[in-house]
Amino acid sequence: MSSYRPLHDGWTLSAVSRDVRDTPATVPATVAATVPGCVHTDLLAAGLIDDPYLDDNENRLSWIGRTAWCYTTSFTWSADEHERTDLVCEGLDTVATVTLNGVRLARTANQHRSYRLPVRHLLREGDNTLTVTFDSAVGYAEEQRKVLGERPGAYEAPYPFIRKMACNFGWDWGPALVTAGIWRPIGLESWSGARLAEVHPLVRVTDGGTLGRVDVRVRVERATEEPLTLAAEVAGVRAEVHLAAGQREAVVSLSVPDPLLWWPSGYGEQHRYELAVRLGDARWARKIGFRSVELEREEFRLAVNGMPVFVRGVNWIPDDCFPTRITRDRLAERFAQATGAGVNLLRVWGGGMYESEDFYDLADELGLLVWQDFPFACASYPEEEPLRSEVAAEARENVVRLAPHPSLVLWCGNNENLEGHADWGWQERLGGRSWGGGFYHDLLPSIVAELDPTRPYIPGSPFSATPGQAPQDPAGGTIHIWDVWNREDYGRYAAYTPRFVAEFGFQGPPAHATLRRAISGELAADAPLLLHHQKADDGNGKLLRGLGEHLPQPATFDDWHYLTQLNQARAMAFGIERFRSLAPYCMGTIVWQLNDCWPVTSWAAVDGDGRRKPLWYALRRVYADRLLTVQGGEVAVVNDGDEPWRGELVLVRQSLGGEPLAKEVVGVLAAPRSVVRVALPGSVAAPDDPAGELLTVQLGDERVVSFFAEDPAVSFAPADYDARVEPVEGGYRVTVTARTLLRELALFPDRLDPAASVDAMLVTLLPGEEAAFHVASGQSLDPQALTSYPVLRCVNEPREHAS
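Remember, predicted model here, so these are calculated numbers, not experimental data.

**Student:** Looking at this structure, I do not really get the overall build of the chain. What am I missing?
**Tutor:** For the chain, the count of helices and strands is 17 helices and 44 strands. Relative to its length of 803 residues, the chain is compact, with a C-alpha radius of gyration of 28 Å against a globular reference of 28 Å. Seen along its three principal axes, the alpha-carbon backbone of the chain occupies a region of about 90 × 70 × 60 Å. Buried positions account for 60% of the 803 residues belonging to the chain. By sequence separation, contacts in the chain at least 24 residues apart represent 70% of the contacts at least 6 residues apart. Carbon and sulfur atoms make up 49% of the accessible area of the chain, which totals about 29300 Å². In the chain, which carries 76 positive and 109 negative side-chain charges, the distance between the mean positions of the two groups comes to 3 Å.

Below you can see the structure in the form of structure tokens.
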């Protein structure tokens, strides 16, 4: 029997120590605090700081991360019938001293774990005072660096020396906003007799999917030593075991005949069952799914329920620098954007955190596979104490916590640290000091093997499954491709023949409405405030150089914004089409990245305000079950669905004005989950006039338009079209009829209404063709503005718009 009382009310926040040179005089001694929350959001709510996401306000807020802060609350308590009372802290960020009624309970230094502290002996009848004091995480990490010795990494910030979300210290897409606070629930749990201290189900499927087995490992904390009965039930099957006096661990095993299996999105239904565990009056319940998962490490082929899955993935970063603002509804919106783009896997990147229960529950519900990095990224990490014990504790807790979720299919030791040690010159700089290898090759795999043998583990990404091979060896394991974007044209993706690409990306700016909200000054590519929202090294230079021969150089900000967004979409589409065409040799791509944590020019498909960039629409096309793509002298017919794709492949070489010049028809049958490559017949493969011709490839309802030259070299006629706007439920229908070829037609209604969105983008129309776009908006929009520059764009629009 137990009771729980949240302690979320009546908190105040005060600065304990501050650097008077940096701290604004306007910050009072005490402000009201929200728990769960953090210092930044409390100061923001009190109107004491400017929004760190706007303009360059971030630059004036670094003092917050270098200040010690104290959270205090008072609560009343009366003795009850229970024998024990614990203070349960689900998340403290990060270097915290917890004190109750003047007695120190704990000193913590790990954002990634929880703490349970016995307090009944300290509680008083009537008023009680609880304080949680947070030392500066920056100061703590810097002190640990002095003690343990410098370690090389991608950034100067001391994040490897503290168990805290690394990107909090700043990244090449995120601000440096080092947080502190009670970031997950805190409360008092009172209990008697015994409690379920840990419930850890391991779910397996055997006998060809006809038998489900759940081994429920349970650890009990006791206030008495009497015999106990432990029961578990799932899918109508019940079992119980008896714990002898003093026994604290047990396993309850359940066998479920013919369970309905949990499948990834696109492969079947996401069947789940409630698993309930009882110990006396104590009850624990979670939804589980029956499924198997295997990984062929060399080929890096992931299979669920024996079915190989081509991974259509995206990398996930924390959706906000202040995690308490990431609600279930917000996650549901992001996940809907992911599934809407054809995504079937989220990689929880190692510079972030173990995500919330809502995150994994929604992934379970939607069939989104989850690849979980342990939180290590882009740096060498000391393996000495106190970090080693903290890493072990957080790993054990989170492996157990996440084990019930069928969406979780892979544990990964780190992001890019194996590559850093092998290829970034770390070894000489380390001089023999530890770098994290003991975590990735020993500690973490041993914990996973002990606590979660149902899932595969890899030591990091990129990695080679062959001992002695370079981490970036494309012949096995995973690779990350970053020469494209940093140095090379995106056409270089065609030179890669990888097994699996776990990171690759290309930047583009956020939506215009997002920039306009975040930046109060001039919108210009080189404006200081806009450059503050570009964190990548030489990011804007790479954006312009990345246009290469693919698109014209912009003359205005509006053109810069449109062309660099379009180039981002094209670059990623080019890479994904290449890698999907290589299946089953290549079995996955994970785009960097789905989301942003603030308004910024970055690699994301969905910007920091949740708006879909042109890249999102490109992903929806190239991550569809069925894809046609011209690869050199071939057409790859990619069928990642359950049904055969058969029909006549119609190939037409034609003039830009729509006159057919050559036509070929080829019968095609692409079996389920297969790729068929069709050689282009000579009559359509080679143009007479590369600047004046194009190739259309059509199979059923799917069509791709391919050009024989890059856009600036194509002899496009200036875009000419008719457009009409009709009010419809929820917004407007915009119908465009092409008089000339229209290359990559796009609508940007957020320029008129920041809340507006459009259902389609990047549509190429041949002369005489028509396309309808639905614009969702609750405002009255000007039809002329909705169908004119700079809202309606295409590559071959009249160039006077750029003057």
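**Student:** What is the right way to look at the environment of glycine 170 in this model?
**Tutor:** Tracing the chain through its elements places glycine 170 in the loop between α3 (137–148) and β11 (181–182). Along the chain, glycine 170 and tyrosine 490 lie 320 residues apart, while their C-alpha atoms are 27 Å from each other. Among all residues touching glycine 170, those that are not within four sequence positions of it are Pro175 and Ala176.

**Student:** Could you clarify how one ought to interpret the sheet that holds strand β2 (residues 12–17) in this entry?
**Tutor:** Sheets are built from strands paired through backbone hydrogen bonds, the pairs being either parallel or antiparallel. Spatially, the six strands line up as an open sheet ordered β3-β2-β4-β10-β7-β8, and their pairing is antiparallel. Lying at the two open borders of the sheet, with one neighbouring strand each, are β3 (31–32) and β8 (103–109). Where strand β7 (residues 95–100) and β8 come together, six bridges link them in antiparallel fashion. Bridge pairing in β8 places threonine 97 opposite arginine 107.

**Student:** How should the packing of helix α4 (residues 328–340) against helix α5 (residues 357–366) be read in this particular structure?
**Tutor:** The packing of two helices is summarised by the inter-axis angle and the distance between the axes. Where α4 contacts α5, the two axes come as close as 10 Å, and the packing angle between them is 40 degrees. The orientation of α4 with respect to α5, classified from their angle, is oblique. Crossing handedness for the pair α4 and α5: right-handed. Residues Arg328, Leu331, Ala332, Phe335 and Thr339 of α4 lie in contact with α5, whose contacting residues are Asp358, Phe359, Asp361, Leu362, Ala363, Glu365 and Leu366. Considering only residue class, the contact of α4 with α5 consists of seven nonpolar, one polar and four charged.

**Student:** Whenever I open this one, helix α15 (residues 614–622) confuses me. Can you help?
**Tutor:** The buried fraction of α15 amounts to seven of the nine residues, a majority that puts the element mostly inside the structure. Those residues of α15 that fall on the buried side of the exposure criterion are Pro614, Leu615, Trp616, Tyr617, Ala618, Leu619 and Val622. Of the surrounding elements, those touching the buried residues of α15 are α4, α14 (557–581), β30 (588–591), β31 (626–631) and β41 (757–758).

**Student:** Quick question: what am I supposed to make of empty space enclosed by the protein here?
**Tutor:** Take a probe with the size of a water molecule and roll it over the atoms, and the empty space left behind shows itself. Counting across every chain of the model gives six cavities of 30 Å³ or more. Estimates place the volume of the largest cavity at around 70 Å³. Lining the largest cavity, in full, are Pro201, Leu202, Val203, Gly289, Arg291, Ala403, Pro404, His405, Pro406, Asp452, Thr454 and Arg455. For the lining of the largest cavity, a count of residues per class yields six nonpolar, three polar and three charged.

About the criteria used
- Residues numbered from 1 in each chain as written.
- Predicted model: local features only at pLDDT ≥ 70, side-chain atom pairs only at ≥ 80, totals over all residues.
- Heavy atoms only, no water.
- Helix = DSSP H or I, 4+ residues; strand = E, 2+ residues; numbered from the N terminus.
- Rg over C-alpha atoms; globule rule 2.2 N^0.38 Å.
- Buried < 20%, exposed > 50% of the residue type's maximum accessible area, 1.4 Å probe, protein only.
- Contact = heavy atoms within 4.5 Å.
- Areas by Shrake-Rupley, 256 points an atom, 1.4 Å probe, with all protein chains shown as cover.
- Lys, Arg positive; Asp, Glu negative; His and termini not counted.
- Charge placed at Lys NZ, Arg CZ, Asp CG, Glu CD.
- Pairing = 2+ DSSP bridges.
- Axes fitted to C-alpha atoms, helices over the stretch in contact; angles between N-to-C directions.
- Parallel < 35°, antiparallel > 145°, perpendicular 65-115°, else oblique.
- Left-handed = near helix turned anticlockwise from the far one by under 90°.
- Nonpolar A, V, L, I, M, F, W, Y, C, P; charged D, E, K, R; others polar.
- 1 Å grid on protein atoms, 1.4 Å probe; cavity = no way out; pocket = protein on both sides within 12 Å on 5 of 7 lines; lining within 4 Å.
- Points joined across faces, edges and corners; volume = space filled by probe spheres on them.

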